[in-house]
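# Summary of structural features
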Amino acid sequence: MPSITALKGIGPAKAKLFAQLDLSSASDLLHYYPRTYQDRRLDAKLSQFKRTENVAGIYTVIKAQTIPTRALLIFKAFMRDDKGNVIEAVWFKKKMRRFDPFMQMRKDFKVDAKLWIIGKREDRNSFFSNKITVEEYYPVNSPDAKINAGAIIPVYALTQGLSNKFFRAAVFDALNKYLSEEGEALPQRLIQKRNLLNIRQALYAIHFPKSFAELENARRRMVYEEFLLMTMAWSIKKRQSVRQKKEHSYQIKRTLLTPFKNNLDYTFTKAQSRVINEIFADMQNPFPMTRLVQGDVGSGKTVVALCAMLLVAENKYQCAFMAPTEILATQHFITLKRYLNGLGVKIDLLTSKTPKRDKDKILKSLAQGDLDIIIGTHSLIEDNVKFKDLKLIVIDEQHRFGVKQRAKLRAKARDIDMLSMTATPIPRTFALAFYGDLDVSTIDQLPPGRQPILTSHLSESKAFDMVREEVSKGRQAYIVYPLIDESDKLQLKAATQEFERIKTLMPQYKVAMIHGAMKSAEKQKIMEDFLNKKTDILVATPVIEVGIDIKNATIMVIQNAERFGLASLHQLRGRVGRGSDKSYCVLVTQNTSSVSSERINAVCQTNDGFKIGEKDLELRGPGEILGTRQSGELEFKAGDIIKDKDVLRWAVEDRDFLINYDPMLRKPENAPFKQRLIDLYQKYWDIIDLG
Ligand code: ADP
Ligand code: MG
């Protein structure tokens, strides 16, 4: 494709400015889409371009004059439109010795000349003021007028030294000279199926649309292409990682599963049993499992994962169970040890806090195969963690990990099964787009007796009134403070001061405090006292985010709620509503940004983990959620993953269609698509290999 200097008026100096925008060929320019558009049509309903403020129209010059002052030269013009509305515009320039700065304007603004005037009213508030600041003007029949006025006009995001007028001319020239060289990457049958504009129509219309409807068609086509390429790339990547056939197989021996089940003091819900069966079927399948278990907070995902781990242990292989925080991993360790009491399963915990000596011992046991289950945090990903026979990875709260972290853990062994769990799943279309044919199991049922939680956003004094009311009825309360780092002395001190303050605010009740830096014996005592109703109010740090299950606790106040992420808030409030009484969660905030207040509203409005997951995606963006924010894999020129959800759905459907019909993209008709895919994505994923 020709260089940008092949275009009218672009020499080496201008080319440097274009290079700042990463534009070096004419084709780059064609694919540099406008930031926005201005409706400069004469008969337009100026919705985007408000008539009261903005002016875009054809005017006839009534009078124009140059007025010299001491330092400045002033050019003043009066004009009227065909309805007789008169406008007045003034330009100022510095006086210069041998050069007349208004020479051209004097030629253009001859009496009776007709000009396109694009500008703004100086006094935005007065409709009757006729003073205009002219931003652009074009003699009516000039070639520039065709490009810059009388239509929907593109506005580009540019750099210092490049004007939109100049840029439009360059794009216009590129369209006229080189549009025919733009190749079609989309397979013809998909263009037909979705009734899309072809690449040339779409490129022309995205710069110079004839109508907003045509613009939307053009944009949709470009978005569709981007999304289809993206989801195809992800899906090929996924296929390559699970293509490997497993060399091992499982037998359901029940040597561990049966005694474990008999030890439980409850029975599985129907939903849990169904999901366990789905997982077992996957594990016995010859290809590696990639299954996401989604189920709301408290739906009992942990025991489901434990069943899978026991199947692995029964067959003498190893499992790794990764959780996003130290506290969560520790809680799981304690819970699982209790479940596995007496079964002879060897289990240990590895986090960044594990002392060096213990760590060395654990690493050795893992490598020798002396441990069946290792629970841990990101520490499990480290290179020195090696397994003898790792066959199953369980990832708890998968939305808190990035793709790369998960991939790294997976790379620790061949033909490995992978089970992810979440209470705030990313919406189905996105999961399909990013993870390809990810299998999803849903635990859509809570254990019997759970109560819906009423969440509200109130002042601290109202929140504490509610606490008093609940406690006076004999119920118990949590007051939670954000403490990001449990070992941070300053933060701990602040929390302790809060504890003292609450004691003085509620002298009639017994208040206790719990935090992560306490010794476990001490923590256990405090939890037991709370469970046995020796205390009424538990001031806590997010240690209680998980695992705590006290049915008489009916209210939770979350202080500085703006500091918690959406998923954490949802997880935290799941600590109440566990008995048969109506339960409350009250969010108290200090200063909220608009994003944090959106989080707060979302949590107040819904208890549905799916909706929370959707909102989380919208607020944090897909890059952060997928952990690929830095690498540009998710940067789109035209599309917006969230706003263009419907197009994403098309892309996912058509990807599956394409994969079915031509899995390796070997058919000649799909060759341009395949080439575009390689051009775009190989730099991110050298593993894309289409053979
Ligand atoms: P989550 O899905 O949020 O990870 P957990 O696995 O932590 O939920 O389970 C929440 C609580 O529910 C735990 O105390 C667990 O023992 C309990 N639980 C799990 N399954 C059942 C069940 N079928 N019946 C009663 N309680 C259950
Ligand atoms: Mg859980």
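## Observations regarding the overall build of the protein
Within the protein, the secondary structure is distributed over 23 helices and 20 strands. With respect to the principal axes defined by its C-alpha atoms, the protein has extents near 100 × 70 × 45 Å. The proportion of buried residues among the 691 residues of the protein is 53%. Within the protein, contacts between residues separated by at least 24 positions form 73% of all contacts whose residues are at least 6 apart in sequence. When the accessible area of the protein is evaluated, it comes to approximately 33,000 Å², of which 50% is carbon and sulfur surface. Taken together, the 109 basic and 82 acidic charged side chains of the protein have centroids lying 3 Å from each other.

## With respect to the site of ligand 1
Residues in close proximity to ligand 1 total 17 residues, the closest being Thr267, Gln272, Gly298, Lys301 and Thr302. At 3.1 Å, a backbone N or O of Gly300 approaches an oxygen atom of ligand 1. A distance of 2.8 Å separates an oxygen atom of ligand 1 from a polar side-chain atom of Lys301. The residue inventory of the shell around ligand 1, partitioned by class, reads 5 nonpolar, 7 polar and 5 charged.

## Here we look at the state of the cysteines
Taken as a whole and judged by the stated rule, the model has 0 disulfides. The closest cysteine sulfur to the non-disulfide-bonded Cys307 is located on Cys319, 12 Å from its own sulfur. Under the relative-accessibility criterion, Cys307 is labelled buried at 3%. Of all cysteine sulfurs, the one in Cys604 lies closest to Cys585, which takes part in no disulfide; the gap is 7.8 Å.

## Concerning helix α13 (residues 356–368)
Under the 1.5 Å per step criterion, the end-to-end length of α13 is 18 Å for 13 residues, consistent within 8% with the ideal 18 Å. Along α13, the residues that are buried comprise Lys359, Ile362, Leu363, Ser365 and Leu366. Seen end-on, α13 carries its buried residues on one side only, within an arc spanning 165°. Exposed positions of α13 whose direction lies more than 90 degrees from the buried face are Arg357, Lys361 and Lys364. Where α13 is buried, its residues contact β9 (318–322), β10 (347–350) and β11 (373–376). Positive phi appears at Gly369, one or two residues downstream of α13, with a value of about 85°.

## A few points about the packing of helix α11 (residues 301–314) against helix α12 (residues 326–339)
Where α11 meets α12, the closest approach of the two axes is 12 Å, and the angle between their N-to-C directions is 60°. By the angle between their directions, the pair α11 and α12 is classed as oblique. Both α11 and α12 take part in a crossing whose hand is right-handed. Facing Thr302, Val303, Leu306 and Met309 of α11, the residues of α12 in contact are His332, Leu336 and Tyr339. Its residues placed into classes, the contact of α11 with α12 shows 5 nonpolar, 2 polar and no charged.

## Re the domain arrangement of the protein
Segmentation of the protein into domains returns domain 1 (1–37 + 157–182), domain 2 (41–150), domain 3 (257–285 + 299–422) and domain 4 (454–606). For domain 1 and domain 3, the distance between their C-alpha centroids amounts to 55 Å.

## Examining the side chain of Glu397
On the secondary structure map, Glu397 appears in the loop between β12 (390–395) and α14 (403–410). Setting aside residues up to four positions removed in sequence, Glu397 forms contacts with Pro324, Leu328, Met421, Ala423 and Gln571.

## As for the side chain of Thr455
Examined against the element boundaries, Thr455 turns out to sit in strand β15 (residues 453–457). Residue Thr455 is classed as buried on the basis of its relative accessible area of 11%. A polar contact is formed between the side chain of Thr455 and the side chain of Arg573, at a distance of 2.8 Å. When residues no more than four places from it in sequence are discounted, the contact partners of Thr455 are Arg573, Cys585, Leu587, Val603 and Cys604.

## A few points about the packing of aromatic side chains
The final tally for this structure, using the stated rule, is 17 aromatic pairs. Seen from their ring centres, Tyr250 and Tyr317 are 5.9 Å apart, and the 85° between their planes marks the pair as edge-to-face. Taken together, the positions of Tyr250 in the loop between α8 (212–242) and α9 (257–263) and Tyr317 in the loop between α11 and β9 put the pair 67 residues apart, joining distant regions of the chain. One exposure class covers both Tyr250 and Tyr317, and it is buried.

## Looking at unusual backbone geometry
Trans peptide bonds make up most of the peptide bonds, and negative phi angles are found at most residues other than glycine. Located in the positive-phi region is Lys316, a residue other than glycine, with phi close to 65°. Among the structural elements, Lys316 can be located in the loop between α11 and β9. Lys316 gets classed as exposed once you look at its relative accessible area, which sits at 69%. With a phi angle near 50°, Leu665 is a residue other than glycine that sits in the positive phi range. Residue placement: Leu665 occurs in the loop between α22 (645–661) and α23 (671–681). Judged by its relative accessible area of 2%, Leu665 is buried.

Conventions we followed
- Residues numbered from 1 in each chain as written.
- Chains lettered and ligands numbered in written order.
- Predicted model: local features only at pLDDT ≥ 70, side-chain atom pairs only at ≥ 80, totals over all residues.
- Heavy atoms only, no water.
- Helix = DSSP H or I, 4+ residues; strand = E, 2+ residues; numbered from the N terminus.
- Buried < 20%, exposed > 50% of the residue type's maximum accessible area, 1.4 Å probe, protein only.
- Contact = heavy atoms within 4.5 Å.
- Areas by Shrake-Rupley, 256 points an atom, 1.4 Å probe, with all protein chains shown as cover.
- Lys, Arg positive; Asp, Glu negative; His and termini not counted.
- Charge placed at Lys NZ, Arg CZ, Asp CG, Glu CD.
- Near = heavy atom within 4 Å.
- Polar contact = N/O pair within 3.5 Å; in protein donor to acceptor, adjacent residues only side chain to side chain.
- Nonpolar A, V, L, I, M, F, W, Y, C, P; charged D, E, K, R; others polar.
- Disulfide = S-S within 2.5 Å.
- Expected span 1.5 Å × (residues − 1).
- Arc of directions from axis to C-beta.
- Axes fitted to C-alpha atoms, helices over the stretch in contact; angles between N-to-C directions.
- Parallel < 35°, antiparallel > 145°, perpendicular 65-115°, else oblique.
- Left-handed = near helix turned anticlockwise from the far one by under 90°.
- Domains from an automatic or database assignment.
- Phe/Tyr/Trp six-rings, centres within 6.5 Å; stacked < 30°, edge-to-face > 60°.

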